[in-house]
Amino acid sequence: MDIKAQIKDKLRKALLDLGIEGLEIELEQPKQLSFGDYTTNAAMKAFATPNLKSKILNLKSPKELAKRIVEIFNSKFVIHDSIVGKVEAVGGFINFHLSANYLGTWLEEVLRDNEKLVNKPKSSSNKIVVEYSSPNIAKPFTIGHLRSTIIGDAVANLLEVTGRKVYRDNHIGDWGSQFGKLTYAIKTWGNEEEIEKAENPVKELVNLYIKFHEEAEKNPKLEDYGREWFKKLEDGDLEARRLWQKCIDWSWMEFNNLYSELNVKFTENNGRGYGESFFEDKMKQVIEELREKDLLKEDQEAFLIYFKNDKLPPLMILKTDGTTLYATRDLATDKFRLEKYGKDIKIINEVGAEQSLYFQQLFELEKMLGWFNAGQRVHVRHGLYRFKDQKMSTRKGNVIWLEDLLNEAEKRALSLSKQDSISISQNARRIGIGALKWNDLKRNSIQDIIFDWEDILNMQGDSGPYMQYTYARTHSVLAKVKSSSNAKATADKEKLKVKSSIQDLKFDELEKEEIHLLRYLYRYSDVVTQAADSLSPNIICNYLFNLAQRFNLFYQKHKVIGSDNEDQRLALVSLTGITIKHGLGILNIEVPEKV
RNA sequence: GCGCCUGUAGCUCAACGGAUAGAGCAAUUCACUUCUAAUGAAUAGGUUGUGGGUUCGAUUCCCGCCAGGCGCGCCA
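Residues numbered from 1 in each chain as written. Chains lettered and ligands numbered in written order. Predicted model: local features only at pLDDT ≥ 70, side-chain atom pairs only at ≥ 80, totals over all residues. Heavy atoms only, no water.

**Student:** It is not clear to me how the sheet that holds strand E8 (residues 315-318) should be interpreted in this structure. Could you clarify?
**Tutor:** What links the strands of a sheet is backbone hydrogen bonding, and the strands pair in either a parallel or an antiparallel sense. Ordered in space as E6-E7-E8, the 3 strands form an open sheet in which the pairing is antiparallel. What marks the edges here is a single partner per strand, and that holds for strand E6 (296-299) and E8. For this sheet, the mean inter-axis angle between neighbouring strands, taken without regard to orientation, is 45°. Of the strand pairs in this sheet, strand E7 (residues 302-305) and E8 are connected by 3 bridges, and their pairing is antiparallel. Among the inter-strand pairings, Leu-304 is bridged to a residue of E8, identified as Met-316. Packed onto the sheet, helix H12 (residues 283-292) meets E6, E7 and E8 and runs at close to 120° relative to E8. (Pairing = 2+ DSSP bridges. Helix = DSSP H or I, 4+ residues; strand = E, 2+ residues; numbered from the N terminus. Axes fitted to C-alpha atoms, helices over the stretch in contact; angles between N-to-C directions. Contact = heavy atoms within 4.5 Å.)

Take a look at the structure:
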């Protein structure tokens, strides 16, 4: 039984002594460490619950009730309890302070076995598909796709470290009517050989795509030509297929480079993910099922899904010319996933918030089809990157290319240090990418981000480089211990082997910053669980940044090597490093040992 | 017009219905022959858009209004 469960259990017994039964006890980590390691509002809750109130009528306030509970708790348990060092009633809250001895024991245990850093839930059989990144072939891989890539990757990592089986999928946009437009554009204004020779073929394709939309504004007939070419593609026309395949090859060259720079990987379909075209021959079957279940209604030669009581606008499945849409392919995709991974599979799509309505429609339809139960389909949304005065738009050509962004990030990282440093120039690319990732992950992802170079490549304070730097400091201390012969403890790269026995380590003698650091480290496991449950990597960022601040405060104030409490302090440094590394691992941010 | 999202310090953002609403950036001041100053300490900065309601307790939940963003059948 873990600590939380133990405390809850004892609390329940204490409440029973007062005749209070059936109250759901919540044990939380209070915001401030001065309020203890765990806290409960049980007294206030009991007081506010009418049928419980009658039993405690002799008590005037939640405050008194909390006091009574603590008295019982203390007389029954705490005296012989080495885990909880102190229980106190503050206001109506009951706060539990873990003993320094217990925290020290815990720290040693985690240092011995890093696996114990995060408690994995017992039932870890959940299987989850996380679909993210999903760039479009022949379109720029922009800062917008970067969001989905970075956030989706972090969400997948979060689920994995908390014991789920995760399938990482990339729903590449390699099918759809944009290929009709593009084919027309290549044939009319483009030159295949020149595209082939160009430094960045995708940029050439995008220019053609932009030209198509410019021309189409003057001459709406172009839209029809585009549709014709897409129809040809769907019908298997050889020329249409050939050009389509070319576009895919050109695009993949670029995608592969970016994924390897970002260290992002996918597990499905040999690491490529199942693109939309994979489902091209699987849509017929889905359309059949929709017809059989009498869900498909015709309107002006197109086929749509209508929802009960018009609670959602209709969703188009087949266009007037008989070709498919995004929705058709998504349905085929999810059908395929049901068959491949089993009907209890959970599917998360990390896609921009602008598609919220579409996903509502899709999920509702999939429910009508009887494919999924509530909670099995999730849309993790992220806000848009916007310019101050306009939207980013591929069609209009005002986008930030990821390539340029990474170069700028590297440039800024280079000029970061006040001192000259060789290692910075070696690490600039990784530091720049770390800054970029952190800035995408540190905020609640639903918000739009106004594009600003200063902001997204921030490298001071609450930033990726700050975290990397802090890690490097921990590493540096341990490296010095390792090379020093006087040191009492020896440090491995990862694990600190504390020679002393548990009894010798005196954590209750540590000073305030140190014991606070230790208690904050203890929270990590709960934080990871919370972040995973709410699919919010930013919770990890908040925690890590706080941890780093506590560590830097401690680091600035206390000498570690050669101090009286060297063993304890080294253990703290070591665990801080391990925790930061683990956390940044979830966020997929590299931790250079020297920066 | 309808739907969804957002509104917190000058700027960018935190805060599971809880305790004195916290950080970073910017500003002013202080601390570098260091176990890495890419850091730390201190000061200043708030009617949480607005008006009601629910609650022992509301930045958080509900309703109205204001402002911004996104979306609403042949794009994805």
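**Student:** Would you mind going over the protein's contact with RNA strand B with me for this structure?
**Tutor:** Neighbouring RNA strand B are 70 residues; Phe-93, Thr-320, Tyr-469, Ser-476 and His-558 lie closest to it. A share of 60% of the atoms of RNA strand B within 4 Å of the protein falls on sugar and phosphate groups. The side chain of Asn-41 places a nitrogen or oxygen atom 3.2 Å from a base nitrogen of RNA strand B. Where the surface near RNA strand B is concerned, the elements lending two or more residues are helix H2 (42-48), strand E3 (93-98), E7, helix H13 (326-341), helix H16 (422-441), helix H18 (464-483) and helix H21 (537-557). Residue composition of the surface near RNA strand B, grouped by class: 28 nonpolar, 20 polar and 22 charged. (Near = heavy atom within 4 Å. Polar contact = N/O pair within 3.5 Å; in protein donor to acceptor, adjacent residues only side chain to side chain. Nonpolar A, V, L, I, M, F, W, Y, C, P; charged D, E, K, R; others polar.)

**Student:** For this particular structure, what's the right way to read helix H6 (residues 143-161)?
**Tutor:** The periodicity of an α-helix, 3.6 residues per turn, causes residues three or four positions apart to be oriented the same way. For H6, spanning 19 residues, the distance from its first C-alpha to its last is 27 Å, which sits close to the expected 27 Å at 1.5 Å a residue. With 16 of its 19 residues buried, H6 lies for the most part within the structure. Among the residues trailing H6, Gly-163 stands out with phi positive, at a value near 95°. (Expected span 1.5 Å × (residues − 1). Buried < 20%, exposed > 50% of the residue type's maximum accessible area, 1.4 Å probe, protein only.)

**Student:** Just checking my understanding: could you explain the pairing of strand E4 (residues 127-131) for this structure?
**Tutor:** Looking down a regular strand, the side chains alternate between one sheet face and the other. Where burial is concerned, most of E4 is hidden: 4 out of the 5 residues are buried. Running through H6, the crossover from E4 to the neighbouring parallel element strand E5 (residues 165-169) is right-handed. Pairing between E4 and strand E9 (residues 346-352): 4 bridges, direction parallel. Bridge pairing in E9 places Val-129 opposite Ile-347. (Right-handed = clockwise from strand over helix to strand, strands pointing away.)

**Student:** What am I meant to see in the environment of Arg-337 here?
**Tutor:** Along the polypeptide, Arg-337 turns up in helix H13. Sequence spacing of Arg-337 and Lys-10 is 327 residues, and the spatial spacing of their C-alpha atoms is 45 Å. Excluding anything up to four places from it in sequence, Arg-337 contacts Val-129, Glu-131, Asp-169, Gly-342, Ile-345 and Ile-347. In terms of polar contacts, Arg-337 uses its side chain to reach the side chain of Asp-169, at 3.1 Å.

**Student:** When you look at the side chain of Glu-276 in this model, what are you seeing that I'm missing?
**Tutor:** In this fold, Glu-276 is placed in the loop between helix H11 (238-262) and H12. Other than its neighbours up to four places away in sequence, Glu-276 contacts His-171, Ile-172, Gly-173, Asp-174, Trp-175, Tyr-326 and Arg-329.

**Student:** Looking at this structure, I do not really get the packing of H13 against helix H14 (residues 356-368). What am I missing?
**Tutor:** For any two helices packed against each other, the geometry is given by the interaxial angle and the distance between the axes. Interaxial distance between H13 and H14 falls to 11 Å at its minimum, and their mutual angle equals 45°. Considered as vectors, H13 and H14 are oriented oblique to each other. Our pair here, H13 against H14, has a crossing hand that is right-handed. Counted together, Tyr-326, Ala-327, Asp-330, Leu-331 and Asp-334 of H13 and Tyr-358, Leu-362, Leu-365 and Glu-366 of H14 form the full contact between these two elements. Here the residues of the contact of H13 with H14 are counted per class, giving 6 nonpolar, no polar and 3 charged. (Parallel < 35°, antiparallel > 145°, perpendicular 65-115°, else oblique. Left-handed = near helix turned anticlockwise from the far one by under 90°.)

**Student:** Quick question: what am I supposed to make of the layout of surface pockets here?
**Tutor:** Empty space among the atoms can be located by rolling a probe the size of a water molecule over them. Its boundaries defined by the atoms lining it, the second largest pocket holds a volume of some 1,300 Å³. Around the second largest pocket sit 42 residues that line it, and Lys-4, Gln-29, Ser-525, Asp-526 and Val-527 are the ones nearest its centre. Contributing elements (two or more residues each) for the lining of the second largest pocket: helix H1 (3-17), strand E1 (38-40), helix H5 (100-112), helix H19 (512-522), helix H20 (524-533) and H21. Ranked by residues supplied to the lining of the second largest pocket, first place goes to H20 with 6 residues. Looking at which domains feed residues into the lining of the second largest pocket, each of domain 1 (3-98) and domain 4 (464-586) supplies at least three. (1 Å grid on protein atoms, 1.4 Å probe; cavity = no way out; pocket = protein on both sides within 12 Å on 5 of 7 lines; lining within 4 Å. Points joined across faces, edges and corners; volume = space filled by probe spheres on them. Domains from an automatic or database assignment.)

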